Amino acid sequence: FWLKVGSTAFAQLLSAPPSPAMANVPAASLSKEQQDELLCTYASLILHDDGAEITPQAMTNLIKAAGCSVEGYWPMLMAKMISNVGMDALIKMGSGAGGGGGGAAPAA
């Protein structure tokens, strides 16, 4: 597991310049609520990538270890959504893979 206690990985992610491939808005300019959601998203992706169970406590521990904090309800909501929908399904939804092309034009 690459994130050690006291690590500033999340803080660095939030203060890093925006990547053109990820977002048009710097994370530091997001509202507190948006930053909390982003931190929980990163935490859940890290836990999933590590093969660990995605629980509210695991997410909170990871976020605190990075020197960050979120409102207490965020990890609970995210973990519940992940358990109901499934992390793989959520990743596929957000992949931007796009749908197929549009249908054929109607005959004239």
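Shown above is the structure to which this text applies.
Residues numbered from 1 in each chain as written. Predicted model: local features only at pLDDT ≥ 70, side-chain atom pairs only at ≥ 80, totals over all residues. Heavy atoms only, no water.

A.B. asks: What am I meant to see in the overall build of the chain here?
C.D. replies: Counting its secondary structure elements, the chain contains five helices and zero strands. Its helices and strands taken in sequence order, the chain reads α-α-α-α-α from the N to the C terminus. When the 108 residues of the chain are sorted by exposure, 27% land in the buried category. For the chain, restricting intrachain contacts to residue pairs at least 6 apart in sequence, the fraction spanning at least 24 positions comes to 58%. With the model as given, the accessible surface of the chain reaches about 7,100 Å², and the carbon-plus-sulfur share is 58%. (Helix = DSSP H or I, 4+ residues; strand = E, 2+ residues; numbered from the N terminus. Buried < 20%, exposed > 50% of the residue type's maximum accessible area, 1.4 Å probe, protein only. Contact = heavy atoms within 4.5 Å. Areas by Shrake-Rupley, 256 points an atom, 1.4 Å probe, with all protein chains shown as cover.)

A.B. asks: Even after reading the chapter, I still don't get the side chain of aspartate 36, so can you show me in this structure?
C.D. replies: When you line up the elements, aspartate 36 lands in helix 2 (residues 32–50). For aspartate 36, a relative accessible area of 1% translates into the label buried. Polar contacts involving the side chain of aspartate 36 include one to the side chain of lysine 32, which spans 2.7 Å. Dropping the residues within four chain positions of it, aspartate 36 is found in contact with Ser69, Val70, Glu71 and Trp74. (Polar contact = N/O pair within 3.5 Å; in protein donor to acceptor, adjacent residues only side chain to side chain.)

A.B. asks: It is not clear to me how the pattern of salt bridges should be interpreted in this structure. Could you clarify?
C.D. replies: When the charged atoms of two side chains with opposite charge come close together, those side chains can pair. Going through the model one piece at a time under the given rule, you end up with one salt bridge. In this structure, lysine 32 and aspartate 36 form a salt bridge, with 2.7 Å as the shortest nitrogen-oxygen distance. Here lysine 32 and its partner aspartate 36 are both found in helix 2, four residues apart, which amounts to about one turn of the helix. In this structure lysine 32 comes out as partly exposed when scored by relative accessible area, which is 43%. (Salt bridge = Lys/Arg side-chain N within 4 Å of Asp/Glu carboxyl O.)

A.B. asks: Explain a nonpolar patch on the surface here, please?
C.D. replies: Together, Tyr73, Met76 and Leu77 make up a nonpolar patch on the protein surface, roughly 300 Å² of accessible area in all. With respect to the helices and strands, tyrosine 73 occurs in helix 4 (residues 73–85). By relative accessible area, tyrosine 73 is classed as partly exposed at 38%. (Patch = residues over 30% accessible without salt bridge, like charges linked within 9 Å, V, L, I, M, F, W, Y side chains within 5 Å.)

A.B. asks: Would you mind showing me how to read the packing of helix 2 against helix 4 here?
C.D. replies: Axis angle and axis distance: for two packed helices, these are the angle between their axes and the distance between the axes, and together they describe the pair. Where helix 2 meets helix 4, the closest approach of the two axes is 10 Å, and the angle between their N-to-C directions is 50°. Relative to helix 4, helix 2 is oriented oblique. As helix 2 packs across helix 4, the resulting crossing turns out to be right-handed. Contacts between helix 2 and helix 4 involve Glu33, Asp36, Glu37, Cys40, Thr41 and Ser44 from the former and Tyr73, Trp74, Pro75, Met78 and Ile82 from the latter. (Axes fitted to C-alpha atoms, helices over the stretch in contact; angles between N-to-C directions. Parallel < 35°, antiparallel > 145°, perpendicular 65-115°, else oblique. Left-handed = near helix turned anticlockwise from the far one by under 90°.)

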